[in-house]
Amino acid sequence: MLHQVIGMQDAAAVKCDVNALFAQAFVQAGIGAWTCDLADNTLAWTPGVYDIFGLAKTDRVDRRDIVKLYDDQSREIMERLRAEAIMHGRPFEMEAQIVRPDGQRRWMRLRADVVRENGRHSRLFGLKQDITDEKQRWDALRSLAERDPLTGLANRARYEDLFLNGSRAQPGVTPLGALLLIDLDNFKQINDQFGHAAGDACLKMVGQRLASAFADAPLVARIGGDEFAVLSHADTSPPALKSQVARLLASLARPIAWQGQTLVLGASAGIGFAPDPYCYDADDLFAIADKALYAAKGAGRNAIIVGNAQIRAFPHDFGLEIGARHGIQP
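An account of the accompanying structure is given in this report. Note that this is a predicted model, so its numbers are computed, not measured. Numbering of residues starts from 1 in every chain and runs along the sequence as written. With the structure being a predicted model, the display of local features is reserved for residues of pLDDT at least 70 and the display and counting of side-chain atom pairs for 80 or more, all residues being used for whole-chain, interface and lining totals. Side-chain measures were taken over the full set of non-hydrogen atoms in the model, leaving aside hydrogen atoms and water.

1. A few points about the overall build of the protein
So, step 1. Numbered from the N terminus, helices here are DSSP runs of H or I no shorter than four residues, and strands are runs of E no shorter than two. If you tally the helices and strands in the protein, you get 11 helices and 13 strands.
So, step 2. Note on contacts: a residue pair is in contact if any heavy atoms of the two residues lie within 4.5 Å. A fraction of 57% describes how many contacts in the protein between residues 6 or more apart in sequence connect residues 24 or more apart.

2. Some thoughts on helix α9 (residues 238-252)
So, step 1. Between the first and last residue of a helix there are one fewer steps than residues, each counted as 1.5 Å, and that sum is the expected span. Here α9 is 15 residues long and its end C-alpha atoms lie 21 Å apart, about the 21 Å a rise of 1.5 Å per residue gives.
So, step 2. Every buried residue of α9 is accounted for by Leu-241, Lys-242, Val-245, Ala-246, Leu-248, Leu-249, Ala-250, Ser-251 and Leu-252. Buried, partly exposed and exposed residues are distinguished by accessible area as a fraction of the type maximum, computed with a 1.4 Å probe on protein chains only: under 20%, between the cut-offs, and over 50%, respectively.

3. Re the nonpolar core
So, step 1. Counting residues in each nonpolar core, the largest one holds 31 residues, and the members touching the most others are Ile-182, Leu-210, Phe-214 and Val-245.
So, step 2. At the level of elements, β6 (176-185), α7 (187-194), α8 (196-213), β8 (227-233), α9, β9 (256-258), β11 (266-273) and β12 (303-306) are the ones that each hand at least two residues to this core.
So, step 3. A total of 6 residues in this core trace back to one element, the largest contributor, which is α9.
So, step 4. For Phe-214, the contacting residues outside a window of four places in its chain are Leu-180, Val-220, Val-230, Leu-241, Gln-244, Val-245 and Leu-248.
So, step 5. Membership of the second largest hydrophobic core comes to 27 residues, among which are Trp-34, Leu-38, Ala-85 and Ile-98. Take the buried residues of types Ala, Val, Leu, Ile, Met, Phe, Trp, Tyr and Cys, join any two whose side-chain atoms come within 4.5 Å, and each joined set is a nonpolar core.

4. Some words on the pairing of β12
So, step 1. Residues Ala-303 and Ile-305 point to one face of β12 and Ile-304 and Val-306 to the other, with burial holding for every one of them.
So, step 2. As defined by bridge partners, β11 adjoins β12 across 3 bridges and the pair is classed as parallel. Paired with Ala-269 across the two strands is Ile-304, which belongs to β12.
So, step 3. Crossover β11 to β12 through helix α10 (residues 282-298) is left-handed. Pairing between strands is defined by DSSP: at least two bridges between the two strands are required. Handedness is read with the strands pointing away from the viewer; a crossover is right-handed when the path from the first strand over the helix to the second is clockwise.

5. What about the environment of Gly-48?
So, step 1. For Gly-48, the location among the structural elements is in helix α2 (residues 47-53).
So, step 2. Residues Gly-48 and Lys-128 lie 80 residues apart in sequence; the distance between their C-alpha atoms is 8.1 Å.

6. Describing the environment of Ala-217
So, step 1. For Ala-217, the position within the fold is in the loop between α8 and β7 (219-222).
So, step 2. Separated by 13 residues in the primary sequence, Ala-217 and Val-230 place their C-alpha atoms 7.2 Å from one another.
So, step 3. The contacts of Ala-217, once residues within four sequence positions are left out, are Val-230, Leu-231 and His-233.

7. Side note on the side chain of Ser-268
So, step 1. Inspection of the secondary structure puts Ser-268 in strand β11.
So, step 2. Residues adjacent in sequence count toward polar contacts only when both atoms are side-chain atoms; beyond that, a polar contact is any pair of N or O atoms within 3.5 Å, and within protein one must be able to donate a hydrogen and the other to accept it. Reaching out from Ser-268, the side chain makes a polar contact with the backbone nitrogen of Asn-302 at a distance of 3.3 Å.
So, step 3. Each residue touching Ser-268, except ones within four places of it in the same chain, is listed here: Leu-181, Ile-182, Asp-183, Asp-185, Leu-293, Ala-296, Lys-297, Arg-301, Asn-302 and Ala-303.

8. Details of the packing of aromatic side chains
So, step 1. Any two of the Phe, Tyr and Trp rings considered here, Trp counted by its six-membered ring, make a pair once their centres fall within 6.5 Å; the pair's planes then place it as stacked at under 30 degrees, edge-to-face at over 60, or tilted in between. Evaluation of the coordinates by the stated rule reveals 5 aromatic pairs.
So, step 2. When the centroid spacing of 5.1 Å and the interplanar angle of 75° are considered together, the rings of Trp-45 and Tyr-50 count as edge-to-face.
So, step 3. The class of Trp-45 is buried, set by a relative accessible area of 12%.
So, step 4. Ring plane angle 15° and centroid distance 6.0 Å describe the contact between Phe-163 and Tyr-280, whose orientation is recorded as stacked. Note that Phe-163 is positioned in helix α6 (residues 156-164) and Tyr-280 in the loop between β11 and α10, a separation of 117 residues in sequence. Neither residue differs from the other here; Phe-163 and Tyr-280 are each classed as buried.
So, step 5. Put simply, the rings of Trp-45, Tyr-50, Phe-53 and Tyr-70 touch in pairs and so form one group of aromatic residues.
So, step 6. Cation placement over rings: the criterion is NZ of Lys or CZ of Arg within 6 Å of the ring centroid and within 35° of the ring normal. Its guanidinium or amino end placed over the ring of Trp-34, Lys-128 lies 5.4 Å from that ring's centre, counting from NZ or CZ.

9. Here's the deal with the pattern of salt bridges
So, step 1. Any carboxyl oxygen of Asp or Glu that lies within 4 Å of a side-chain nitrogen of Lys or Arg is treated as forming a salt bridge with it. A full pass over the atoms with the stated rule returns 20 salt bridges.
So, step 2. Here Arg-80 and Glu-84 are joined by a salt bridge, their closest N and O atoms 3.9 Å apart. Taken together, the residues span about one helical turn, with Arg-80 and Glu-84 both in helix α4 (residues 72-88) at a distance of 4 residues.
So, step 3. Residue classification places Arg-80 among the partly exposed positions, given a relative accessible area of 44%.
So, step 4. Judged by relative accessible area, which is 27%, Glu-84 ranks as partly exposed.
So, step 5. With a shortest N-O distance of 3.3 Å, Arg-158 and Asp-161 are connected by a salt bridge. You can see Arg-158 and its partner Asp-161 sitting in helix α6, 3 residues apart, about one turn around the helix.
So, step 6. Taking the relative accessible area as the measure of exposure, Asp-161 reaches 35% and is therefore partly exposed.

The following block contains the structure:
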């Protein structure tokens, strides 16, 4: 009998240790459990949730204060999903960004389900997990996949995803003002005369000057060997954009020093303005900008031409905008 009692005590001790081990593992994994009483929005958290929000275990948690720690977009999505879960009794999952009281930004994965009691939805409960490190690793991998390794600009895959595949028309995405296509002049001659190392040095410098000239643009990409694309914001007026491009061409015309040599490039540009910032045909807009680009190269290069909806370049309508050749300084 005594051996049985001791055995039961040992089993209870082991069970207690296992529960404590699970609790500790959850905390180390950045996971916490939570529940919210829908009658009065009272929150109950395990220690892991306090850690995610950067709060002390002794802090009183009030839902009205906690939702303020979500960034605006995450808060809007969370509140909408929460309301739908309560109405329809269905679970949801999302990733949310929060700003801790000390100002530190963190990412968490939020899982929620609904408890139904006495014919009504009485509680929400679920898990929250800190995924900040996971997001940073994923963002780094995505950046590698979306960046041109030579210039550091977005690559063609990123350009196609954002523009040609029409994802810019999705809700919440910055509306498009115009597509700018840029092609370098004299690049092949530099490659032929000085070699690919010189050409690479030129492309790196072009990438830097493009990124600087369009620092606030939704996208600056290298889409070919010496071809580049820029997507502009809808609130950039046509005259302002043409002036910005003219300054860019003047910048690109500045000589590049390389191994004791002076390398001189130029660039031509074609612009296609989106007729509707929120709804446009990417293929048509590309065709307009591309036709304008080749008209600019045919006009003597180092020029800007704005295309129209008939996919032709009209210097007499929009003006043949010449960059450095007309003395526009960077």
